[in-house]
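Secondary and tertiary structure notes
Spelled out, the chains give:
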Protein chains: 2
Amino acid sequence: MRVVAVAGGVGAGKFLRGLVRAVPREDVTVVVNTGDDLTLHGLHISPDIDSVSYWLSGVADRERGWGRAEDTFRVLETLRELGGPAWFGLGDLDLATHLLRTGILRDGGTLSGATAAIAGALRIVPTILPMSDDPVATMVECVGEDGRALDLHFQQYWVARQGRDAVKGVRYAGADAARPAPGVLEAVAAADAVIICPSNPVASILPILSISGIRRSLADRRSRVVGISPIVGGAPLRGMADRLMPAVGLEVSAFGAASAYGDLLSAFVVDLKDRTDASRIREELGVDIAVTDTIMHDDGSAERLATVALESLR
Amino acid sequence: MRVVAVAGGVGAGKFLRGLVRAVPREDVTVVVNTGDDLTLHGLHISPDIDSVSYWLSGVADRERGWGRAEDTFRVLETLRELGGPAWFGLGDLDLATHLLRTGILRDGGTLSGATAAIAGALRIVPTILPMSDDPVATMVECVGEDGRALDLHFQQYWVARQGRDAVKGVRYAGADAARPAPGVLEAVAAADAVIICPSNPVASILPILSISGIRRSLADRRSRVVGISPIVGGAPLRGMADRLMPAVGLEVSAFGAASAYGDLLSAFVVDLKDRTDASRIREELGVDIAVTDTIMHDDGSAERLATVALESLR
């Protein structure tokens, strides 16, 4: 049973720990968002790839969600003392990942190659692929408090400015020219199931689908594509999906999440709290529905969610 | 009394702590070697600028010589666990300096600007200038154990390969095109004294003098230039000057060190152990000699050495 997971960061990471219990881990390929990658202090930082890698390898910080467990912040605290830009959370253990990745890229390697090297070092069995080796930047078009237009990289919007600006639109800069990373199209074509993880549709999943080759490959496999709603009871469990979804014309609901991928889905999993969305999704989008508890308290509940998603395709 | 110090790393750092006790610290300008700068993991690392900055600000590790006191190596240890290149010593506190510098350079700043920003953050009063904002690389031409020629960056020769290769020559790649950093020529022209610090002649001082504008500026001020021998009793106190000096035709002695700068010097300070070199230096090079204890046990002995050097010009 070969499975492709289309993934963002933390929500996907939690889910993937369950998925690799539900199916053999060597049969899993994860295609990860890089739209919120950033270059900071000369380092190439891939927050979603890191989250997925840390969760899959078991070194993720479960409390904080991002970064590595038992991390310290000596470098960042010292950088702050030096008056340097310290708005982006960089743990000491986490920095080693960024140094390794940046070194590989500077030596002429690709993001795919760096991702594979890091996954290998962390003893991760599933294949982790960036959506693309080409740069794509999720840009959040905002209006600041003073009424001026602000064109912000996702990390500027969310981390540096802490999401305080009114969002008017989102675009994926570079997506037109970006090619799927090596292995992505092949993995989707060969998959028995493609799972769109319970990640932020606008910040995590739509950047991946903005690459036309990837979107087409999913459309070609629609009968094998299942999504999982990241919206529970009309709100995201964490993050800012409730602010980004309306800006791109999506309702903040399980229905809204389903409609973000509507023409690609065969099935969609919604939470028990969102039963009322089920019939709308079925009728308006022509998508099969599974209703279950989607809250992932632990690996066991994530495994049950993965099983429900896979069974919804049968 | 305006003083310019021409400086390498640790030896210069120790000396400068004494110099700023001997003369008002705001009257001191330090021109620092960048020939052993390297780019590693995408970070711009300037070992000699950092040593000078750490020593002057009082955060240097006095035992180890390089790096910051009370530093830890969490990032480097994690990078090693990940299988990344971990041959170059990067402390966690030290990394913050590299991140700040690299960020400034990536944002279009110069090495001068980054150096000033770091010095300001460390509350350093003397002016610290890189020799150049343009890249110059000290290349060590070696013969490996298998007899093959090896063209090694200084850090590859000394840190990565731990100085195990036979040295046949040294060159300063990029020096022909490199311009003195802003302020260097002005500082030398205005100086009442120019002190060549007790640093490795080949690895630290000659890279600076390989920039023709800087060499000319010192030649123009020869009557105000004094050097201090880094060779004591026929051997360097630390480092590999004894291996590099013969490769460029210099005797490993106080005389050899003086002859490295011979045509630029008005005076030279040698250690009590090297009295026998004094008359040769005076007669063959036409340079005044001061003989004193040059070992810097503490800031007080460094201050006395600085005073002897300055008085040798009177």
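The notes below deal with the structure included here. Every chain is numbered on its own, with residues counted from 1 as its sequence reads. Labels follow written order: the first chain is A, the first ligand is 1, and so on. Thresholds applied to this predicted model are a pLDDT of at least 70 for local features of residues and 80 or more for the giving and counting of side-chain atom pairs; totals over whole chains, interfaces and linings are not thresholded and use all residues. Only hydrogens and water are removed before side-chain values are computed, so all heavy atoms of the structure are retained for them.

Take the overall build of chain A next. Secondary structure elements are defined from DSSP: runs of H or I of at least 4 residues count as helices, runs of E of at least 2 residues count as strands, and each element is numbered from the N terminus. Each helix and strand counted, chain A has 13 helices and 14 strands in total. In this description the radius of gyration comes from C-alpha coordinates, and the expected globular size is given by 2.2 Å times residues to the power 0.38. Over its C-alpha trace chain A gives a radius of gyration of 19 Å, about what one expects of a compact globule, namely 20 Å for 314 residues. Structurally, chain A occupies a C-alpha span of about 55 × 50 × 40 Å along its principal axes. Throughout, a residue-residue contact means that at least one pair of heavy atoms, one from each residue, lies within 4.5 Å. Partitioning the intrachain contacts of chain A with sequence separation of at least 6 by distance along the chain shows that 68% fall at a separation of at least 24. Exposure was quantified through the Shrake-Rupley algorithm and a 1.4 Å probe, taking into account, for residues, occlusion by the shown protein chains and nothing else. Counting only carbon and sulfur atoms, one obtains 48% of the accessible surface of chain A, whose full area is about 11900 Å². Taking the average location of the 32 positive side-chain charges in chain A and that of its 40 negative ones, the two points are 1 Å from each other. We treat Lys and Arg as the positive residues and Asp and Glu as the negative residues; His and chain ends play no part in the count. Charge positions are represented by NZ for Lys, CZ for Arg, CG for Asp and CD for Glu.

This part is about helix α1 (residues 10–22) of chain A. All names here are of chain A. Given a helix with a known number of residues, its expected span is that number minus one, times 1.5 Å. For α1, which comprises 13 residues, the first-to-last C-alpha distance of 19 Å matches the rise-based estimate of 18 Å (1.5 Å per residue) to within 8%. Note on classification: 1.4 Å probe, protein chains only; a residue is buried when its accessible area is under 20% of the maximum for its type, exposed when over 50%, partly exposed between these limits. Of all the residues in α1, the buried ones are Val 10, Ala 12, Gly 13, Phe 15, Leu 16, Gly 18, Leu 19 and Val 20. Buried residues along α1 sit against β1 (3–7), β2 (28–32), α2 (47–57), β9 (193–196), β10 (225–228) and α13 (299–311).

We now examine α2(A). All names here are of chain A. Judged by how many residues are buried, α2 sits mostly within the fold: ten of eleven residues are covered. Residues of α2 that are buried: Pro 47, Asp 48, Ile 49, Asp 50, Ser 51, Val 52, Ser 53, Tyr 54, Trp 55 and Leu 56. Backbone geometry just downstream of α2 places Gly 58 in the positive-phi region, at approximately 85°.

The next point concerns the environment of A:Tyr172. Residue and element names in this part refer to chain A. Relative to the helices and strands, Tyr 172 resides in strand β8 (residues 166–173). Remark: the alpha-carbon pair of Tyr 172 and Val 136, spanning 36 residues in sequence, is separated by 6.2 Å. In this structure Tyr 172 touches Val 136, Ala 137, Thr 138, Val 202, Leu 206, Pro 207 and Ser 210, once residues within four positions along its chain are discounted.

Before going further, it helps to examine the environment of B:Gly144. All names here are of chain B. As for its placement among the helices and strands, Gly 144 is situated in the loop between β6 (137–143) and β7 (149–153). On the basis of relative accessible area, Gly 144 is assigned to the buried category, the value being 8%. In this structure, the C-alpha to C-alpha distance between Gly 144 and Leu 305, residues 161 residues apart in sequence, is 39 Å. Those residues in contact with Gly 144, other than ones at most four positions away along the chain, are Leu 150 and Asp 165.

A pair of Phe, Tyr and Trp rings is counted when the ring centres sit within 6.5 Å of each other, with Trp represented by its six-membered ring. The angle between the planes then sorts it: under 30 degrees is stacked, over 60 is edge-to-face, the rest tilted. What the rule picks out here adds up to six aromatic pairs over all chains. Relative to A:Phe73, the ring of A:Trp66 has its centre 6.3 Å away and its plane inclined at 75°; by these criteria the two rings are edge-to-face. Note on criteria: charge over ring means Lys NZ or Arg CZ within 6 Å of the ring centre, with the direction from the centre no more than 35 degrees off the ring normal. A:Arg64 extends its terminal NZ or CZ atom over the ring of A:Trp66, reaching a point 4.5 Å from the ring centre. For the cation-ring pair, B:Arg68 lies above B:Tyr54, with the distance from its terminal atom to the ring centre recorded as 5.9 Å.

Residue and element names in this part refer to chain A. In spatial order, the strands read β5-β2-β1-β9-β10-β13-β14; together these seven strands make up an open sheet with parallel pairing. Where the open sheet ends on each side, the last strands, each with one partner, are β5 (127–130) and β14 (288–292). Across the sheet, the mean angle from the axis of one strand to that of its neighbour is 20°, orientation sign disregarded. Whether two strands pair depends on DSSP finding at least two bridges between them. Bridge count between β2 and β5: four bridges; the pairing is parallel. Following the sheet pairing, Val 32 is matched in β5 by Pro 130. The axes used here are C-alpha line fits, helices contributing only the stretch in contact, and every angle between their N-to-C directions lies in the interval 0 to 180 degrees.

Taken together, the contact pairs 27 residues of chain B with 27 residues of chain A. Summed over both partners, the accessible area (1.4 Å probe) lost when two parts come together is defined as the buried area. Taken over both partners, the interface formed by chain B and chain A buries close to 2400 Å², and the fraction arising from carbon and sulfur atoms is 69%. Looking at the side of chain B facing chain A, the largest losses of area belong to B:Arg74, B:Leu82 and B:Leu99, adding up to 28% of the total buried there. Salt bridges are defined by distance alone: a side-chain nitrogen of Lys or Arg within 4 Å of a carboxyl oxygen of Asp or Glu. The interface formed by chain B and chain A contains zero salt bridges. Polar contacts, as used here, are pairs of N or O atoms within 3.5 Å; protein pairs need one atom able to donate a hydrogen and one able to accept it. Residues neighboring in sequence count only if both atoms are side-chain atoms. Counting across the chain B and chain A interface gives four residue pairs in polar contact (both at pLDDT 80 or more). Within the residue set of the side of chain B that touches chain A, elements represented by two or more residues are α3 (74–81) and α4 (92–106) of chain B. The element contributing the most residues to the side of chain B that touches chain A is α4(B), with ten residues.

So, on to the relation of the copies chain B and chain A. The atoms used to superpose the copies are C-alpha atoms, taken from residues with pLDDT of at least 70 in both, and the fit is least squares. Rotating chain B by 180° and translating it 0.0 Å along the rotation axis places it on chain A, where the RMSD comes to 0.0 Å. The superposition of one copy onto the other is thereby described by a two-fold rotation axis. Rotation axis and chain B: the residue whose C-alpha lies nearest the axis is B:Gly42, separated from it by 3.0 Å.

Right, let's talk about the pairing of strand β14 (residues 288–292) of chain B for a bit. Bridge analysis of strand β13 (residues 267–271) of chain B against β14(B) gives five bridges, and the strand direction is parallel. Along β14(B), the bridge assignment pairs B:Val269 with B:Ala290.

Turning next to the side chain of B:His98. Residue and element names in this part refer to chain B. Among the structural elements, His 98 can be located in helix α4. Of the residues examined, His 98 reaches a relative accessible area of 1% and is grouped as buried. Contact partners of His 98, with chain neighbours within four places excluded, come to Leu 43, His 44, Ile 45, Asp 50 and Leu 90.

Our next topic: the side chain of B:Thr29. All names here are of chain B. Along the chain, the position of Thr 29 falls in strand β2 (residues 28–32). The exposure class assigned to Thr 29 is buried, which follows from its relative accessible area of 14%. Once residues within four sequence positions are removed from consideration, Thr 29 is found in contact with Val 3, Val 4, Ala 5, Thr 127, Leu 129 and Ala 187.

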